[in-house]
Amino acid sequence: MAGESGGYAAPDDLGALRALLDANPGAAILAGGQSLLPSLRGKASPLFVDIGRIAALKTIEIEDNRLRVGAGVTLAALARHPATAGGFAEAIGFVGNVTIRNRATVGGCLAWADPRGELPLVLLALGGTVVTDRREIAMESFITGPSRTALEPGEVIVAAAFETGRKFAVEELLVRNSTGRAVVAAACERVGDAMRYTISGLVDRPVRSGPIAGDPGPWLDDLLLQFPVLADASSPDYRRRVVHALALRARERA
Amino acid sequence: MKFGVGQSPRRVEDERLLTGRGRYTDDFQPEGTAYGVTVRSPYGHARILGIDTADARAMPGVLAVYTAEDIAHYGPIPCLVPLPGRIETYRALLTKDIVRFVGDGVAFVVAETRAAARAAAEAVVVDYEELPAAATLDAALAPGAPAIWESAPDNRTFDWHIGDENATRAAIAAAAHVTRLRIVQNRVAPTSMEVRAALAEWSDDTGLTLTVGSQGVAAMHKTLSREILKCPPERLRVVTGDVGGGFGLKVFLYPEYGLVLHAAEHLKRPVKWTGERSDAFQTDSHGRAVVSEAALALDAEGNFLALAVESWSDLGAYQAQFGPAIQTMAGGRIIGGVYRIPAIHNHVHGVVTNTAPVDAYRGAGRPEATYLVERLIETAARETGRDAGDLRRRNLLRPDELPHANGLGLTFDVGNFPALLDAALEKADWTGFPARRAAAEARGLRYGRGLAYYVEIAGGGDLDEFADVRFLADGTIEAAVGTQSNGQGHETSYAQVLAERLGVPMDQVRIVQGDTARLEVGRGTGGSRSMVWGGGALIEAASTIIEKGLDLARTDLGEDVDFGDGLFRARGTNTTMSLAELAARHPQALDTRARYAKEKPTPTFPNGCHVAEVEVDPETGRVRVARYSIVDDFGTLVNPLLVEGQVHGGIAQGLGQALLENVVYDESAQLLTGSFMDYGIPRADDMPRSIAFASRPVPNPNNPLGAKGCGEAGTIGAMPSVMNAIVDALEGTHVDMPATPETLWRICRDLAEKAAA
Ligand SMILES: Cc1cc2nc3c(=O)[nH]c(=O)nc-3n(C[C@H](O)[C@H](O)[C@H](O)COP(=O)(O)OP(=O)(O)OC[C@H]3O[C@@H](n4cnc5c(N)ncnc54)[C@H](O)[C@@H]3O)c2cc1C
């Protein structure tokens, strides 16, 4: 019932977090709260386990040419890091607005798995990895549908990792109107003579192509046959054309 | 500092508001406040078979649960519009047998805390029998449509005509060219930043006090005491604190205001109701919502001959307080703008639907009228191969033709419309357009230009306004005015007016508003009226104060005194006395209540010209407003900075309606746009990069300031100029609002296919 609260806990380290989650199977990890809290409006709230005090989740480290970003790092902090300069930071700049980016976290964005989310798009474009307390999951197989991931119950995202120094260009169109929001985006990375595209907002998850030498249009048509189309405020036909146009524009700049 | 009329001091209210020291209704928090929540209908149309409140009453912290029976002795919320033959649709504070829109109130729960009230509201069990609904004009007018009111079986509540039907028909039949359009004015939600709230307090000695976000306490007081509570006026006091946006919606009385008053009297403790955003989307009065068929007739030279309009005004489920007036008395008489049109006929049908009541929203009928005629003219120019500026210049009334009676009951008094048009075209670099279009096309974009010449009726039906000025012991001159700022900055602009007239520094003047215990009369703020009427009342007060001061100064300084620069002076000597000294020597003697009055309605006609240029990206349908220029005639500007701010905000709302905003109900009358996740309002990046604004005033001769009102003008001009520009970018293809990217993308694709074929 509205207003009923399951309580609040804020563990200081991953061990305490694990213990809390094991003892309370219905608990919800609270990161930036920007998706979780609006989704609970008018509903009973679970036990919130706030991960904001866990220092181990807030680090950004470079190991060789791999950047490892703690799950509790905010999008704003990530976009300020020199290793994300360029397309990466540009894409994050499209997320919500500055107050959202100041709170939304890397782990929250991945766990929420919005099929239009910018962070999943760029991590996929870079062939990144989701690091959990149990394993590493390649971004390719992490998002399995709209708001669905490969995470198991109780599994905690601790970091995201990706190769640094790779360049890509990203284009996005945000359409807000009075039947909802539509966001389509395309990233393009040069691989030798060909291009590799990553797109979101068309089908039920972000997808990355193999190297494509010519027009990415046929690949997009194939996607519509392979995956369920994402239900959105605008028609699939429109989004198919727009994502194509954005992919070509990204190609110009890649 | 001495700031007078025509200067731009910063807003004196901003320090308070920007540092969180404003006091909005929800900030009033008396000891022991209880909280109310309305139980609302989840159906667009349903019969109430029963309401079971037993579980809710038994919940912890619950103080009372009211249903229609408990409050049957109160009057319904009145519709105040005297249209001949209009069928009434009474709206009680709570609905007894039939709910008519999603959000219609059926019970009111009061509890110790907000959370307890909310929980108990969920426990109220209402047994509904769903009825077929009519959520749109088409559905309500279809043969066999469900009747929303027994008294109006065909869902029509009035039929209003103005103008000369025969002459109009004859002129159209004989014309060299007739342009016809069907125009849809989308329904919009006003989305004030501060949602509605109300707090009622009871005292055995003085009765009831209502604190409420309003656009004028006196009108709220009158309707509540006379029509709802039916109590002697002195048993009710209405207070308004700071108001975070009104745009019309806060003029009106909503059921919760009567309900908290009832609960406070019944429970003998303060009771507060604060709406949530979802309450606002469901139950704040909506705006616009009208469909029109229009025809404009021209002779072979391009002179306008006649204008015929037939409109269907969607009133919502209940006819709101001013609802039926919007497309008729408010906007219906200005349908032809300030053009020379010998024959006009306007026919409006009032239609009820299973939706939230529709009432005044920034401009209230005048944006609809301007939008219609400006879309028609632009289309006529394209169809007859004329320049859109030339066609308007040919038909705009010239100064030597004024005053001009428009045949619909309005007489345009002063203005220089052709000169404003030319000034706007120059400001917009009209002749540089082809080069800008070519440059945009070279970048793969479509580029269009749109023009709109608008006219407003400000302070339409008013006859008076009041000011009450007191000289306080600390030297402050405190002036209460019967209007109500909702964010416009009255504390600044009124202080400029009074300070200038009294010759005192502006910071010596303090403007107060919003308390019937301080000033029980006043017409409130709406229809861009405040400066004309409230300013007039302050000037009236200032003259009386100076006369009184001269009388007093004669006893103090001698027979021969005059007044200037804030000083009374014995003529021919150096002996002077300031207004403050005089006031201190004669406590209360200078205090003045003034009424500024006219014998008949004397509206002003703010007018001006907007020019928009837009880029449309054919691959995505995205619109960007590339250039925006305006020349306005608001008469005398009291504070040009505040005026420009009003214009910018107005443009945001007009552009929002043109590009984004749309209230959508589905077939069963469910509201699909019930939150900001679904309802798009403009953001900073939707606005033009810059707005070139100029004022070219022709002062109004009928009020002492020469002002004309500026609050709604930006909205009125923005919709048609932006839409005309989009249509121009699409080679004349008709588009209705909101012009969403997908719609525009489809049109671009079709045009490209046609061009290739
Ligand atoms: C107005 C608005 C606009 C927005 N616009 C955009 C946009 O344009 N693009 C975009 O991508 N997003 C957008 N968002 C969403 C925003 O990015 C979200 O906040 C983000 O997706 C979730 O991050 P969070 O840290 O707030 O997570 P929370 O809301 O705290 O949590 C989200 C979910 O993830 C789970 N979770 C959190 N952390 C972990 C973890 N470490 N391990 C396992 N599970 C975890 C939570 O239990 C919950 O189920 C917007 C949000 C708002 C309110």
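What you see is a predicted model, and the numbers here were worked out from it, not measured in a lab.

About the cut-offs
Residues numbered from 1 in each chain as written. Chains lettered and ligands numbered in written order. Predicted model: local features only at pLDDT ≥ 70, side-chain atom pairs only at ≥ 80, totals over all residues. Helix = DSSP H or I, 4+ residues; strand = E, 2+ residues; numbered from the N terminus. Rg over C-alpha atoms; globule rule 2.2 N^0.38 Å. Buried ≥ 20, exposed ≤ 12 C-beta atoms within 10 Å, placed from the backbone. Contact = placed C-beta atoms within 7 Å. Domains from an automatic or database assignment. Near = placed C-beta within 6 Å. Nonpolar A, V, L, I, M, F, W, Y, C, P; charged D, E, K, R; others polar. Core = buried A, V, L, I, M, F, W, Y, C linked by C-beta atoms within 7 Å. Pairing = 2+ DSSP bridges. Axes fitted to C-alpha atoms, helices over the stretch in contact; angles between N-to-C directions. Parallel < 35°, antiparallel > 145°, perpendicular 65-115°, else oblique. Left-handed = near helix turned anticlockwise from the far one by under 90°.

With that settled, the discussion passes to the overall build of chain B. When helices and strands are counted, chain B shows 19 helices and 28 strands. Relative to the 2.2 N^0.38 estimate, which gives 27 Å for 757 residues, the radius of gyration of chain B is 27 Å and therefore close to what a compact globule would have. Expressed as lengths along the three principal axes of its C-alpha atoms, the size of chain B is roughly 85 × 80 × 50 Å. The burial tally for chain B puts 57% of its 757 residues in the buried class. Across chain B, every contact between residues at least 6 apart in sequence was considered, and the portion connecting residues at least 24 apart equals 81%.

Turning next to the overall build of chain A. Check the secondary structure of chain A and you find ten helices and 14 strands. Computed over its C-alpha atoms, the radius of gyration of chain A comes to 18 Å, within 12% of the 18 Å expected for a compact globule of 254 residues. For chain A, the C-alpha atoms occupy an extent of roughly 55 × 45 × 30 Å along the three principal directions. Residues counted as buried form 43% of the 254 residues belonging to chain A. When contacts within chain A are restricted to residue pairs at least 6 apart in sequence, those whose partners lie at least 24 apart make up 60%.

A few words on the domain arrangement of chain B. In many reports, interface size means the accessible area that the parts give up when they come together. Residue and element names in this part refer to chain B. Each assigned domain of chain B is listed here: domain 1 (25-131 + 194-244 + 249-283), domain 2 (287-458 + 603-756) and domain 3 (461-597). Once you take the C-alpha centre of each, domain 1 and domain 3 turn out to be 38 Å apart. For the side of domain 1 that touches domain 3, the element with the most residues is helix α6 (residues 217-229), which contributes four residues.

Turning our attention to the site of the ligand. All names here are of chain A. Contacts to the ligand come from 28 residues, most closely from Gly32, Gln34, Gly96, Gly107 and Gly108. The leading source of residues in the shell around the ligand is helix α6 (residues 106-112), at five residues. Among the residues making up the shell around the ligand, the classes are represented as 16 nonpolar, nine polar and three charged. When residues of the shell around the ligand are assigned to domains, at least three map to each of domain 1 (8-50) and domain 2 (55-163).

Let us now look at the nonpolar core. Residues and elements named next belong to chain B. By size, the foremost hydrophobic cluster in this structure holds 197 residues, and its most contacted members are Ala479, Leu538, Val722 and Ile726. In terms of residue count, the dominant contributor to this core is helix α15 (residues 530-557) (eleven residues). Among all residues touching Ala479, those that are not within four sequence positions of it are Ala467, Val469, Tyr494, Leu498, Val509, Ile511 and Leu538.

What follows is about the sheet that holds strand β4 (residues 60-63) of chain A. All names here are of chain A. The strand order β4-β5-β10-β6-β7 describes an open sheet built from five strands, whose pairing is antiparallel. Both outer strands of the open sheet, β4 and β7 (136-138), are each paired with one neighbouring strand and no more. For this sheet, the mean angle separating the axes of adjacent strands, direction not counted, is 25°. Taken together, the five bridges between strand β5 (residues 66-70) and strand β10 (residues 157-163) define a ladder with antiparallel strand orientation. Looking across to β10, one finds that Leu67 is bridged to Phe162.

Residues and elements named next belong to chain A. Split into domains, chain A comes out as domain 1 (8-50), domain 2 (55-163) and domain 3 (169-253). Here domain 2 and domain 3 have C-alpha centroids that lie 20 Å from each other. Tallying the contact residues gives 17 residues for domain 2 and 16 residues for domain 3. Within the residue set of the side of domain 2 that touches domain 3, elements represented by two or more residues are α4 (87-93), α7 (118-125) and β8 (143-145).

So, about the environment of A:Thr198. All names here are of chain A. As for its placement among the helices and strands, Thr198 is situated in strand β13 (residues 194-200). Taking the number of C-beta atoms within 10 Å as the measure of exposure, Thr198 has 26 and is therefore buried. As a C-alpha pair, Thr198 and Arg134 span 64 residues in sequence and 27 Å in three-dimensional space. If near-sequence neighbours (up to four positions away) are discounted, Thr198 is found in contact with Leu121, Leu124, Ala125, Ala187, Pro206, Val207 and Arg208.

By secondary structure assignment, the location of B:Ser313 is in strand β14 (residues 304-314). Sequence separation between B:Ser313 and B:Thr328 is 15 residues, and the spatial gap between their C-alpha atoms is 9.2 Å.

Residue and element names in this part refer to chain B. Read from one edge to the other, the open sheet built from five strands follows the order β7-β15-β14-β13-β8, with strand pairing classed as mixed. Sheet topology places β7 (156-163) and β8 (177-188) at the edges, where each strand pairs with a single neighbour. Sheet twist, expressed as the average angle between the axes of neighbouring strands with direction ignored, equals 10°. Contacts from helix α10 (residues 366-383) reach β8, β13 (287-298) and β14 within the one sheet, and its direction differs from that of β8 by about 145°.

This brings us to the interface of chain A and chain B. With 15 residues of chain A at the contact, the number on the chain B side is 21 residues. Among the secondary structure elements, those contributing two or more residues to the side of chain A that touches chain B are β11 (169-177) and α10 (236-253) of chain A. The element best represented in the side of chain A that touches chain B is β11(A), accounting for four residues. Residue classes in the side of chain A that touches chain B are distributed as seven nonpolar, seven polar and one charged.

Attention now moves to the packing of helix α14 (residues 490-502) of chain B against α15(B). Residue and element names in this part refer to chain B. Packing of α14 against α15 leaves a shortest axis separation of 9 Å and a crossing angle of 30°. It follows from the interaxial angle that α14 and α15 lie roughly parallel. As for the relative orientation of α14 and α15, their crossing is right-handed in sense. Two secondary-structure elements touch here, α14 through His490, Ser493, Tyr494, Val497, Leu498, Arg501 and Leu502 and α15 through Ser530, Met531, Gly534, Gly535, Leu538, Ile539, Ala542 and Ile545.

All names here are of chain B. Cis rather than trans, the peptide bond between Leu402 and Pro403 has omega equal to -5°. Summarising the element assignment, Pro403 is placed in the loop between α11 (388-395) and β16 (404-405). Positive phi values are uncommon outside glycine, yet Ala669 reaches one of about 70°. By the secondary structure assignment, Ala669 is in the loop between α17 (640-659) and β28 (692-695). On the basis of neighbour counts, which here come to 25 C-beta atoms within 10 Å, the residue Ala669 falls in the buried class.

Attention shifts here to helix α12 (residues 417-427) of chain B. Residues and elements named next belong to chain B. Turning to α12, its buried residues are Phe417, Leu420, Leu421, Ala423, Ala424 and Leu425. Packing partners of the buried residues in α12 comprise α11, β18 (446-455), β26 (607-616), β27 (623-633) and β28. Just downstream of α12 lies Asp429, where phi reads positive at about 50°.

Residue and element names in this part refer to chain B. Among the seven residues that make up strand β1 (residues 34-40), seven are buried, leaving the element largely enclosed by the rest of the structure. Because side chains alternate across β1, one face comprises the buried residues Ala34, Gly36, Thr38 and Arg40, and the other comprises Tyr35, Val37 and Val39, equally buried. As paired elements, β1 and strand β12 (residues 271-274) share two bridges and run parallel to each other. Bridge assignment links Ala34 to a residue of β12, and that residue is Val271. Where β1 and strand β5 (residues 105-111) come together, six bridges link them in antiparallel fashion. Along β5, the bridge assignment pairs Val37 with Val109.

Further remarks concern the packing of helix α9 (residues 217-226) of chain A against α10(A). Residues and elements named next belong to chain A. One can describe the packing of α9 onto α10 by two numbers: an axis separation of 10 Å at closest approach and a directional angle of 150°. α10 is crossed by α9, and the crossing has right-handed handedness. Contacts from Gly217, Leu220 and Leu224 in α9 reach Pro236, Arg240, Val243 and His244 in α10. Partitioned by chemical class, the residues of the contact of α9 with α10 number four nonpolar, two polar and one charged.

A few words on the environment of A:Glu118. Residue and element names in this part refer to chain A. With respect to the secondary-structure elements, Glu118 resides in helix α7. The exposure class of Glu118 is buried, given the 25 C-beta atoms found within 10 Å. Taking C-alpha positions, Glu118 is 8.2 Å from Ser200, a pair spaced 82 residues apart along the chain. With residues near it in sequence (within four places) discarded, Glu118 still touches Ala91, Ile92, Phe94, Val95 and Ala185.

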